[in-house]
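Take a look at the letters that make up each chain.
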Amino acid sequence: MTHNGGPTDQPVAEALNHPIGHVTQALINLWFKRNPNDNDLLPEEIKPFFTELCDVQKARFRPGRVLLGSQLIAFFRVDRAWTEQYLLPLFNWDNPTEAKAVWEGFLQSPRLYQPLLTAFKAPFLESAEHYTDLGGHYKQQFAAFLTYAALEPTEGYTMDEFRSAMGALPQDGIEASAQTLFQVLEGSADQREDYWKNRVQPFWQQLWPKSRDLATPRLVERLTLMSIAARGEFPAALAAVKDWLQPLEHPHNVVDMLHKSGLCRQYPGEALYVLAAVISDQPGVTEALGRCLDEIRKVEPGLVKNAGYTQLQEYLRIRKSQ
């Protein structure tokens, strides 16, 4: 959207720098200073301004609508009836220019709020088909948000609906979803194993797209890191993703994380499988790999006869001699 209300690829940046955006933010700040609670309703003296901003016939107000979208949950909690009448319809993709603008506003810092997920289910799921309409990092933000929603029990949604939405994501959306799965497990600390069993594994089995055509090196790296992040459930997680593994152009992250995780000592056979799968003849993978192989040998000496082990040892020998 430009200053005259035409479309732009950066609605949020435009809104933050636009006079209408400044006025809208001032109104939102004025409202928030009253510390509104759930179901308080919008103040009568401010509500008409918000209502007018939602009028899509007034293209010049679109910067304001972007900022209203960024506070969707607050509006929904405080005045659900107003939000469902005026703000939520803007998220429908029957008007792609308006939908892109408010979705990008919301996706600045999206959060899961169950009643809202139920209320805007149709445009939310449809957004997967409009993934490429979203700009910049908002695409990845959407893929992550969809993944989080699908990982949780979400009232009113079926597995088929989530599977269809995941299937509509293009390659970089699937990569963003895999990154989210890794981050969720990595952030679960001592709950990792439970989170794998109760959330990520069912997601993988029931929702993850099955086409191996998606297996780019970037995706494979993220899935491999995800399996390592499952820690005590590493064997189960590896079994889930093993058919996707392939040599990586830059396997350093995987090798370093595998070494630091202690999994080479805990599950030497599985750790060796991962190393042999992601390393072929890439330059520069030496120190952490050598430590991994040492730990594997100490815990399970018989594995030194494994073809993968001997290949990796030879690979190391050649690298060190260069």
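Preceding block: the structure.
Owing to the predicted nature of the structure, the values given are computational and were not obtained by experimental measurement.

Engineer: What is the right way to read helix 13 (residues 192–206) from this model?
Structural biologist: The end-to-end C-alpha distance of helix 13, which contains 15 residues, comes to 20 Å, matching closely the 21 Å that a straight helix rising 1.5 Å per residue would cover. The largest bend in helix 13 is about 35°, located at valine 200, with the proline proline 202 one to four residues further on. When helix 13 is considered as a whole, its buried residues turn out to be Arg192, Tyr195, Trp196, Val200, Gln201, Pro202, Phe203 and Trp204. Looking at the packing, one finds that the buried side of helix 13 touches helix 10 (138–151), helix 11 (159–168), helix 12 (171–186), helix 14 (217–229) and helix 15 (234–241).

Engineer: Explain the environment of isoleucine 73 here, please?
Structural biologist: When you line up the elements, isoleucine 73 lands in helix 5 (residues 72–78). Remark: the alpha-carbon pair of isoleucine 73 and alanine 101, spanning 28 residues in sequence, is separated by 16 Å. Non-local contacts of isoleucine 73, meaning those with residues more than four positions away in its chain, are made with Phe106, Arg111, Tyr113 and Leu116.

Engineer: It is not clear to me how the side chain of lysine 100 should be interpreted in this structure. Could you clarify?
Structural biologist: Among the secondary structure elements, lysine 100 is positioned in helix 7 (residues 96–106). There is a polar contact of 2.7 Å between the side chain of lysine 100 and the side chain of glutamate 104.

Engineer: Help me out: how do you make sense of the packing of aromatic side chains in this one?
Structural biologist: Geometry of an aromatic ring pair is reported as the spacing of the ring centres plus the angle between the planes. One pass over the full model with this rule turns up 26 aromatic pairs. With 6.2 Å between their ring centres and 65° between their planes, phenylalanine 91 and phenylalanine 120 make a pair best called edge-to-face. Highlighted residues: phenylalanine 91 in the loop between helix 6 (80–87) and helix 7 and phenylalanine 120 in the loop between helix 8 (114–119) and helix 9 (121–126), separated in sequence by 29 residues. By the burial criterion, phenylalanine 91 is buried, and phenylalanine 120 matches it. A connected cluster of aromatic rings, assembled from ring pairs, spans Phe91, Trp103, Phe106, Phe120, Phe124, Phe142, Phe145, Tyr157 and Phe162. The ring of phenylalanine 61 carries the charged tip of arginine 60 above its face, separated from the ring centre by 4.6 Å. Between the NZ or CZ atom of lysine 121 and the centre of the ring of tyrosine 157, over which it lies, the distance is 5.5 Å.

Engineer: Where do I start with the pattern of salt bridges in this structure?
Structural biologist: Opposite charge on two side chains permits pairing when their charged atoms draw close. Scanning all chains against the criterion turns up 19 salt bridges. Salt-bridge contacts for aspartate 243 lead to arginine 212; the nearest nitrogen and oxygen are separated by 3.5 Å. Pair noted here: aspartate 243 is in the loop between helix 15 and helix 16 (252–261) and arginine 212 is in the loop between helix 13 and helix 14, with a separation of 31 residues, a long-range link. The class for arginine 212 is partly exposed, based on a relative accessible area of 40%. Taken together, the shared-partner salt bridges connect Glu52, Asp55 and Lys58 into one network.

Engineer: Explanation requested: the side chain of histidine 18 in the structure shown.
Structural biologist: With respect to the element layout, histidine 18 can be found in the loop between helix 1 (11–17) and helix 2 (19–32). Within the structure, the side chain of histidine 18 is placed 3.0 Å from the backbone nitrogen of isoleucine 20, a separation counted as a polar contact.

Engineer: Can you walk me through unusual backbone geometry in this structure?
Structural biologist: Positive phi values are uncommon outside glycine, yet alanine 189 reaches one of about 50°. Considering the arrangement of structural elements, one finds alanine 189 in the loop between helix 12 and helix 13. The exposure class of alanine 189 is partly exposed, given its relative accessible area of 46%. Its identity as a non-glycine residue notwithstanding, arginine 231 has a phi of 50°, on the positive side.

Engineer: Explain the environment of arginine 65 to me, please; I cannot follow it from the model alone.
Structural biologist: The residue arginine 65 is located in helix 4 (residues 62–70) in this model. C-alpha of arginine 65 to C-alpha of glutamine 311: the two residues are 246 residues apart in sequence and 59 Å apart in space. When neighbours within four sequence positions are excluded, arginine 65 is seen to be in contact with Leu53, Cys54, Asp55, Val56, Lys58, Ala59, Leu90, Glu98 and Val102. A polar atom in the side chain of arginine 65 sits 2.8 Å from the side chain of glutamate 98.

Engineer: Just checking my understanding: could you explain the nonpolar core for this structure?
Structural biologist: Inside soluble globular proteins, nonpolar side chains tend to come together where they are buried. One finds Phe50 and Trp208 to be the most contacted residues of the largest nonpolar core, which totals 108 residues. Sequence-distant contacts of phenylalanine 50, defined by excluding residues within four places in its chain, comprise Leu27, Ile28, Trp31, Leu42, Leu68, Phe75 and Trp82.

Engineer: What is the right way to look at helix 4 in this model?
Structural biologist: Since the α-helix turns once every 3.6 residues, residues separated by three or four places project in the same direction. Burial within helix 4 is extensive, with nine of its nine residues counted as buried. Those residues of helix 4 that fall on the buried side of the exposure criterion are Arg62, Pro63, Gly64, Arg65, Val66, Leu67, Leu68, Gly69 and Ser70. Taken together, the buried residues of helix 4 touch helix 1, helix 2, helix 3 (47–53), helix 5, helix 6 and helix 7.

Engineer: In this structure, what is going on with the state of the cysteines? I would like to understand it.
Structural biologist: What makes a disulfide is a covalent bond joining the sulfur atoms belonging to two cysteines. This structure, assessed with the given rule, holds zero disulfides. Free cysteine: cysteine 264, not disulfide-bonded; nearest cysteine sulfur from cysteine 292 at 3.4 Å.

Conventions and cut-offs
Residues numbered from 1 in each chain as written. Predicted model: local features only at pLDDT ≥ 70, side-chain atom pairs only at ≥ 80, totals over all residues. Heavy atoms only, no water. Helix = DSSP H or I, 4+ residues; strand = E, 2+ residues; numbered from the N terminus. Expected span 1.5 Å × (residues − 1). Bend = angle between axes of the 7 residues up to and from the residue. Buried < 20%, exposed > 50% of the residue type's maximum accessible area, 1.4 Å probe, protein only. Contact = heavy atoms within 4.5 Å. Polar contact = N/O pair within 3.5 Å; in protein donor to acceptor, adjacent residues only side chain to side chain. Phe/Tyr/Trp six-rings, centres within 6.5 Å; stacked < 30°, edge-to-face > 60°. Lys NZ or Arg CZ within 6 Å of the ring centre and 35° of its normal. Salt bridge = Lys/Arg side-chain N within 4 Å of Asp/Glu carboxyl O. Core = buried A, V, L, I, M, F, W, Y, C linked by side-chain atoms within 4.5 Å. Disulfide = S-S within 2.5 Å.

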